[in-house]
Amino acid sequence: MRNAARKQSPFRQLEFFFDARVISPLPSAPELQDRARSLLRGLDAGVLTDHLRVEWNERMRTTVGRADFRRCLISLNPALQEFGPAEIDRTLRHELAHLLAHFRFGRRRIQPHGREWRDACCELGIGGERAGHTLPLVGRSLSRRFIYYCQNCQGHFPRVRRIRRATACLACCRKFSEGNYDERFRLRFVKNSSSGNSSRF
Ligand SMILES: [Zn+2]
Ligand SMILES: [Zn+2]
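Residues numbered from 1 in each chain as written. Chains lettered and ligands numbered in written order. Predicted model: local features only at pLDDT ≥ 70, side-chain atom pairs only at ≥ 80, totals over all residues. Heavy atoms only, no water.

**Points about the coordination of the zinc ion (ligand 1)**
For the zinc ion (ligand 1), the protein coordination sphere consists of Cys150 (SG), Cys153 (SG), Cys169 (SG) and Cys172 (SG), at 2.3 to 2.4 Å. What the four donor atoms of the zinc ion (ligand 1) show is an angle range of 105 to 114 degrees at the metal, which sorts the shape as tetrahedral. Mapping the donors of the zinc ion (ligand 1) onto the primary sequence yields the spacing C-x2-C-x15-C-x2-C. Of this pair, Cys153 sits in the loop between strand E4 (145-149) and strand E5 (156-159) while Cys172 is found in helix H8 (residues 170-176), placing the two residues 19 residues apart along the sequence. (Donors = N, O, S within 2.8 Å, 3.2 Å for Na, K, Ca; no water. Tetrahedral: all angles 85-135°; square planar, octahedral: opposite > 155°, others 65-115°. Helix = DSSP H or I, 4+ residues; strand = E, 2+ residues; numbered from the N terminus.)

**A word on the side chain of His94**
Note that His94 resides in helix H5 (residues 84-105). For His94, the side chain forms a polar contact with the side chain of His98, separated by 3.3 Å. (Polar contact = N/O pair within 3.5 Å; in protein donor to acceptor, adjacent residues only side chain to side chain.)

**Some details on the pattern of salt bridges**
Under the criterion given, the structure shown has nine salt bridges. With a shortest N-O distance of 3.4 Å, Glu183 and Arg186 are connected by a salt bridge. With relative accessibility at 31%, the residue Arg186 sits in the partly exposed group. Each member of the salt-bridge network shares a partner with another, and the members are Arg35, Asp89 and Arg93. (Salt bridge = Lys/Arg side-chain N within 4 Å of Asp/Glu carboxyl O. Buried < 20%, exposed > 50% of the residue type's maximum accessible area, 1.4 Å probe, protein only.)

**Some thoughts on helix H6 (residues 115-123)**
The complete set of buried residues in H6 reads Glu116, Trp117, Ala120 and Cys121. Taken around the axis of H6, the buried residues stretch over an arc of 140 degrees, which confines them to a single face. H6 presents Arg115 and Cys122 as exposed residues on the side facing more than 90 degrees away from its buried surface. Looking at the buried positions of H6, the neighbouring elements they touch are H5. (Arc of directions from axis to C-beta. Contact = heavy atoms within 4.5 Å.)

Right, here's the structure in full:
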């Protein structure tokens, strides 16, 4: 009876369907990490391949990607989601090229976006990548941006407006509760990100 009633009033879920048109969950960090590691295989990357980690970092504001040599860590800004999979992939490779160049030449002083980095970019399939490449829409579209996430699948959902009504992660509702709204997958507020120009560094 309860189930039947819920199925007859799918308004909350319907609203989500409307809102969902530009939203798809981000690839998970482990997924991106696997991708980055397989890019390194066959290149002269030594132990970097096994030590490399990738994370989504909600605290990042105007920077979309960052490479930490000491921790072999690539951090990506969840706001990248709005630029789609190709831009996420390109940013991943840009940062990976920094780690690769540093791994190979770390003992020598190299320019952050110098020849060694550009060579690594070529090997990682993004020849012609530029330093501080600015994502065209970031300055405008990051303003008043609210980022939500699903505790279950860790998917991130950047939104232009604050979510007023109960909204759940569609992927998880489909997977675990037959497409019905489920409180367990309600989107949680992460941050209100700032405006400004964004670049990869
Ligand atoms: Zn989810
Ligand atoms: Zn860079």
